[in-house]
Amino acid sequence: MTQPVAGGLGAAPRFPSPYDQAPGGQGASLADILERVLDKGVVIAGDIRINLLDIELLTIKLRLVVASVDKAKEMGIDWWESDPSLSSRAERPDRSLTEENERLRAEIAALRAADRSEAP
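Residue indices follow the written sequence of each chain, beginning from 1 at its first position. For this predicted model, a pLDDT threshold of at least 70 governs which residues receive local features, and a threshold of 80 or more governs which side-chain atom pairs are given and counted, while totals over whole chains, interfaces and linings are taken from all residues. Based on all heavy atoms of the structure, the side-chain values leave hydrogens and waters out of the count.

Caption draft 1: Highlighting unusual backbone geometry. The phi dihedral of Leu-53 is positive, around 55°, even though this residue is not glycine. Tracing the backbone through its elements, the reader meets Leu-53 in the loop between strand 1 (42–52) and strand 2 (55–66). Here the phi dihedral of Asp-54 falls at roughly 60°; this positive angle occurs in a residue that is not glycine. Going along the chain from the N terminus, every DSSP run of H or I of four or more residues is numbered as a helix, and every run of E of two or more is numbered as a strand. Counting through the fold element by element, Asp-54 comes out in the loop between strand 1 and strand 2. Whether a residue is buried, partly exposed or exposed follows from its accessible area with a 1.4 Å probe, protein chains only, as a fraction of its type maximum: under 20%, in between, or over 50%, in that order. Its relative accessible area of 80% is what places Asp-54 among the exposed residues.

Rendered as structure tokens:
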């Protein structure tokens, strides 16, 4: 019985994979790459502009930040903590619009009174 020879007619040729370990170097797994990206953070930015006869019709600004939660907090990004649909600790708007307006009017009146007391 004969065995197929690697690279011969009986075996499928093996092409190098871009993820194979480089000679003399360390190969990086997907988990390692993801860990590095989340640890350092990545920002992708781009603008799309549509002009017609030097008249700007549309501008779309795209900004994408990929980072871990800890890294995002270090950068000052923490909007998910105050969004009621994403966080159970966020303040939920249980008040009616009328109650909110009354609260704001009282706050404005207090600020005006404080301003008047400071004026010479």
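Caption draft 2: Examining the pattern of salt bridges more closely. Each reported salt bridge corresponds to a side-chain nitrogen of Lys or Arg within 4 Å of a carboxyl oxygen of Asp or Glu. Enumeration according to the criterion identifies 6 salt bridges in this entry. Close ionic contact of Glu-74 with Lys-71 constitutes a salt bridge, the shortest N to O distance being 3.6 Å. Within this pair, Glu-74 and its partner Lys-71 are both found in helix 2 (residues 69–74), separated by 3 residues, close to a single helical turn. Using a relative accessible area of 62% as the deciding quantity, one classes Glu-74 as exposed. As a salt-bridge pair, Arg-103 and Glu-107 come within 3.0 Å of each other at their nearest N and O atoms. Here Arg-103 pairs with Glu-107, and both are found in helix 3 (residues 97–118), just 4 residues apart, close to one helical turn. Owing to a relative accessible area of 35%, Arg-103 belongs among the partly exposed residues under this scheme. Of the residues examined, Glu-107 reaches a relative accessible area of 40% and is grouped as partly exposed. One network of salt bridges, in which partners are shared, links Glu-100, Arg-103 and Glu-107.

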